[in-house]
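Structure at a glance
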Amino acid sequence: MTTSKSGFEVTKLESEWRTILTPEQFNVLRKHGTERPHTSPLDKEYDQGTYYCAACELPLFTSDTKFNSGTGWPSFFNPIEGAIATTVDRSLFMSRTEVHCSRCGGHLGHVFDDGPAPTGKRYCMNGVSLKFVPA
């Protein structure tokens, strides 16, 4: 599956992405892969700070919107305004809402309607697609 939106602010050739991302980051961010649950140290990161896109460093989520969903992936109930874009993902014989970085189009994860108040959303993100910077 590829991102249908073109004209992102940050664009690179596949070979350029491969030079700046680890193989696992490239698989998730550029090829829409998924990391294994419970493998990201960011799943249990609860210090104050900001979560950035690992590909283009756009601020995506703040630590005050993070919660323990029990899924094994870092989860948030609200992104920073304008930070994400979404598309419909019809892979795996189901329809889900896929979450992308609005600046580079990198695949971050999916959003579900089973999160906590006040939004009721669960942005289930691949930790490898994120970079945490403490406050």
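Model, not experiment: these values are computed from the prediction. (Residues numbered from 1 in each chain as written. Predicted model: local features only at pLDDT ≥ 70, side-chain atom pairs only at ≥ 80, totals over all residues. Heavy atoms only, no water.)

1. Quick notes on the state of the cysteines
Enumeration over the complete set of coordinates arrives at zero disulfides. Cys53 takes part in no disulfide bond, and the closest cysteine sulfur to it belongs to Cys104, at a distance of 3.7 Å. A relative accessible area of 0% places Cys53 in the buried class. Free of any disulfide, Cys101 has its nearest neighbouring cysteine sulfur in Cys56, separated by 3.5 Å. Accessibility expressed as a relative area gives 0% for Cys101, which makes it buried. (Disulfide = S-S within 2.5 Å. Buried < 20%, exposed > 50% of the residue type's maximum accessible area, 1.4 Å probe, protein only.)

2. Quick notes on the sheet that holds strand S3 (residues 66-67)
As summarised here, the arrangement of the six strands in space is S3-S4-S8-S7-S6-S5, forming an open sheet in which the pairing is antiparallel. In this open sheet, the two strands that pair with only one neighbour each are S3 and strand S5 (84-89). Taken together, the two bridges between S3 and strand S4 (residues 75-76) define a ladder with antiparallel strand orientation. Of the residues in S4, the one forming a bridge with Phe67 is Ser75. (Pairing = 2+ DSSP bridges. Helix = DSSP H or I, 4+ residues; strand = E, 2+ residues; numbered from the N terminus.)

3. Some words on the environment of Gly70
Structurally, Gly70 is set in the loop between S3 and S4. Look at Gly70 and you get exposed, because its relative accessible area is 59%. Each C-alpha atom of the pair Gly70 and Pro37 lies 9.9 Å from the other, and the pair is 33 residues apart in sequence.

4. Focus on the packing of aromatic side chains
Applying the stated rule across the entire model yields four aromatic pairs. Geometrically, the ring pair formed by Phe61 and Phe76 is stacked, given 4.2 Å between the ring centres and 15° between the ring planes. Taken together, the residues Phe61 in strand S2 (residues 59-62) and Phe76 in strand S4 connect sequence positions 15 residues apart. The class of Phe76 is buried, set by a relative accessible area of 0%. Clustering of aromatic rings is evident, with ring pairs tying together Tyr51, Phe61, Phe76, Tyr123 and Phe132. The side chain of Lys12 reaches across the aromatic face of Trp17, ending 5.7 Å from its centre. One residue, Lys66, lies across the ring of Tyr46, its end atom 4.0 Å from the ring centre. (Phe/Tyr/Trp six-rings, centres within 6.5 Å; stacked < 30°, edge-to-face > 60°. Lys NZ or Arg CZ within 6 Å of the ring centre and 35° of its normal.)

5. Some remarks on the nonpolar core
Cys53, Leu60, Cys101, Leu108, Tyr123 and Met125 are the most contacted members of the largest nonpolar core, which totals 25 residues. Listing elements by their share of this core, those giving two or more residues are helix H2 (23-31), strand S1 (49-53), S2, strand S6 (96-101), strand S7 (107-112), strand S8 (122-125) and strand S9 (130-134). Sequence-distant contacts of Cys53, defined by excluding residues within four places in its chain, comprise Leu29, Leu58, Leu60, Cys101, Cys104 and Ser129. (Core = buried A, V, L, I, M, F, W, Y, C linked by side-chain atoms within 4.5 Å. Contact = heavy atoms within 4.5 Å.)

6. Some words on the confidence of the model for the chain
Mean pLDDT over the chain stands at 92; residues scoring 70 or higher make up 94%. Every residue in residues 1-5 is under pLDDT 50, and counting partners more than four places away or in other chains gives nine contacts. (pLDDT = per-residue confidence, 0-100.)

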